[in-house]
Amino acid sequence: MKKYDYTNLKGDEQVTHNWAPLSFEINNNYDYVLNNPMFKLISNILSLPIFIILYIIDKIFLGFYVINKNKIVKDKGFVSISNHIHYLDCTLIGLIYYPNRVHYPTIEENFKIPFVRKLIRLLYAMPIPKDRIKKDRFYLQINKAFKGKFILHMYPEAAMWPYYEKIREFKYGAFKIAVDANVCVQPIKFVFTKPKGLYKVYKKKKRICAVVLDPLYPNMKLEYRDRIKDLRDRTYESMKKEI
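Residues numbered from 1 in each chain as written. Predicted model: local features only at pLDDT ≥ 70, side-chain atom pairs only at ≥ 80, totals over all residues. Heavy atoms only, no water.

Caption draft 1: Region of interest: the overall build of the chain. For the chain, the count of helices and strands is 7 helices and 7 strands. A compact globule built from 243 residues would reach a C-alpha radius of gyration of about 18 Å, and the chain, at 18 Å, matches this within 12%. Taken over the C-alpha atoms alone, the chain extends approximately 50 × 40 × 40 Å along its principal axes. When the 243 residues of the chain are sorted by exposure, 47% land in the buried category. Put simply, of all contacts in the chain between residues at least 6 apart along the chain, 75% involve residues at least 24 apart. As displayed, the chain has an accessible area near 13800 Å², and 57% of this comes from carbon and sulfur atoms. Side chains of the chain give 43 positive and 23 negative charges; the mean places of these two sets differ by 6 Å. (Helix = DSSP H or I, 4+ residues; strand = E, 2+ residues; numbered from the N terminus. Rg over C-alpha atoms; globule rule 2.2 N^0.38 Å. Buried < 20%, exposed > 50% of the residue type's maximum accessible area, 1.4 Å probe, protein only. Contact = heavy atoms within 4.5 Å. Areas by Shrake-Rupley, 256 points an atom, 1.4 Å probe, with all protein chains shown as cover. Lys, Arg positive; Asp, Glu negative; His and termini not counted. Charge placed at Lys NZ, Arg CZ, Asp CG, Glu CD.)

Caption draft 2: View of the sheet that holds strand β1 (residues 65-67). Read across the sheet, 7 strands follow the order β1-β7-β6-β2-β5-β3-β4 without closing on themselves; strand pairing throughout is mixed. One side of each edge strand has no neighbouring strand; the edge strands of this open sheet are β1 and β4 (125-127). On average, adjacent strands in this sheet sit at an angle of 30 degrees to one another, irrespective of strand direction. Strand direction decides the pairing type here: β1 and strand β7 (residues 207-212), joined by 3 bridges, are parallel. Considered in β7, the bridge of Tyr65 is made with Cys209. (Pairing = 2+ DSSP bridges. Axes fitted to C-alpha atoms, helices over the stretch in contact; angles between N-to-C directions.)

Caption draft 3: How the structure looks around helix α5 (residues 173-181). Listed in full, the buried residues belonging to α5 are Ala174, Phe175, Ile177, Ala178, Val179 and Ala181. Contacts made by the buried residues of α5 are with β2 (78-82), α4 (132-145), β5 (151-154), β6 (185-193) and α7 (224-240). Positive backbone phi, approximately 55 degrees, marks Asn182, located one or two places after α5.

Caption draft 4: Just the nonpolar core, in detail. Residues Val79, Met126, Ile142, Phe146, Phe150 and Leu152 are the most contacted members of the largest nonpolar core, which totals 36 residues. Broken down by secondary-structure element, the contributors of at least two residues to this core are β2, β4, α4, β5, α5, β6, β7 and α7. Considering every element that reaches this core, the biggest residue donor is α5, with 6 residues. The residues touching Ile142, leaving out its near neighbours within four places in the chain, are Val33, Met126, Phe150, Leu152 and Ile177. Counting residues in each nonpolar core, the second largest holds 24 residues, with Leu62, Phe64, Ile72 and Tyr155 among its members. (Core = buried A, V, L, I, M, F, W, Y, C linked by side-chain atoms within 4.5 Å.)

Put into C-alpha cells, the structure is as follows:
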C-alpha cells in the first residue's frame, strides 16, 4: 500500500483520488433518502450476501474486530461518526450496525465511478450536494428520516487518510444534522493494534479495531449555534482520548 506523508497537510485535504470518468449531476428533485419499497426489497435481499463477503474480507485482510458494541444506541435514529482511515471503513461501519442499515453521505465524485456508483447507491450511499438549494433539500430529507430508526454515518474529518492514527479537526455538518433533528451522536473510533495469534503469521499491517464510544446528546439549554459547537467539541474530545 502506498505510504503518504501527512506532514504540513490540512486535516481535510484529500490525499487519495479516485478514477471517476463518468458524468453525474444532482437534479433539483433528487431523492437522497430512498423510500421506494421495491428498491428497499432489492437492497435488503442483496445486502446479506454482500455483507457476508465483506465480513470475510474485513476479518481476514484487515483483522477487523469491535469493542463495546453494547454501547450502540438502540430503537431510535442517530448520527454515527468515525475517523476516516481506510478505503473500506464504510464497510466496517456497515458490519458494526448490521442488520440495521446505514445511510452514507459521500462526495459526488464517487457517483462517477463505473459500477461502484450503482453498488454504493444500492447500499444507501447519497451524494453530498454543493449547491445551497440542493443542500437544503438534502438536510430536509435527512431530518424527516430520523422520525424512524434512521442511522446516518458521517466522517467529520472530511478526507480519508489511510492508516492515520490521530484524530483530525472536525467539520460541523454531522453535528448540525444531529442538533436539527435532536438526535444523539454515536462516536466510533478506529484504532490500530498489533497482530496477535494467527494474524501474526501473515499480516504485516496492524489490525483495525472499532471502539464504540458513549453516545452524546445535544445540550438543548444552549443557543442553536452554541449547541452545534458544543456537540462537536464534546465528540471531538471523546474521540481524542486514549483507548
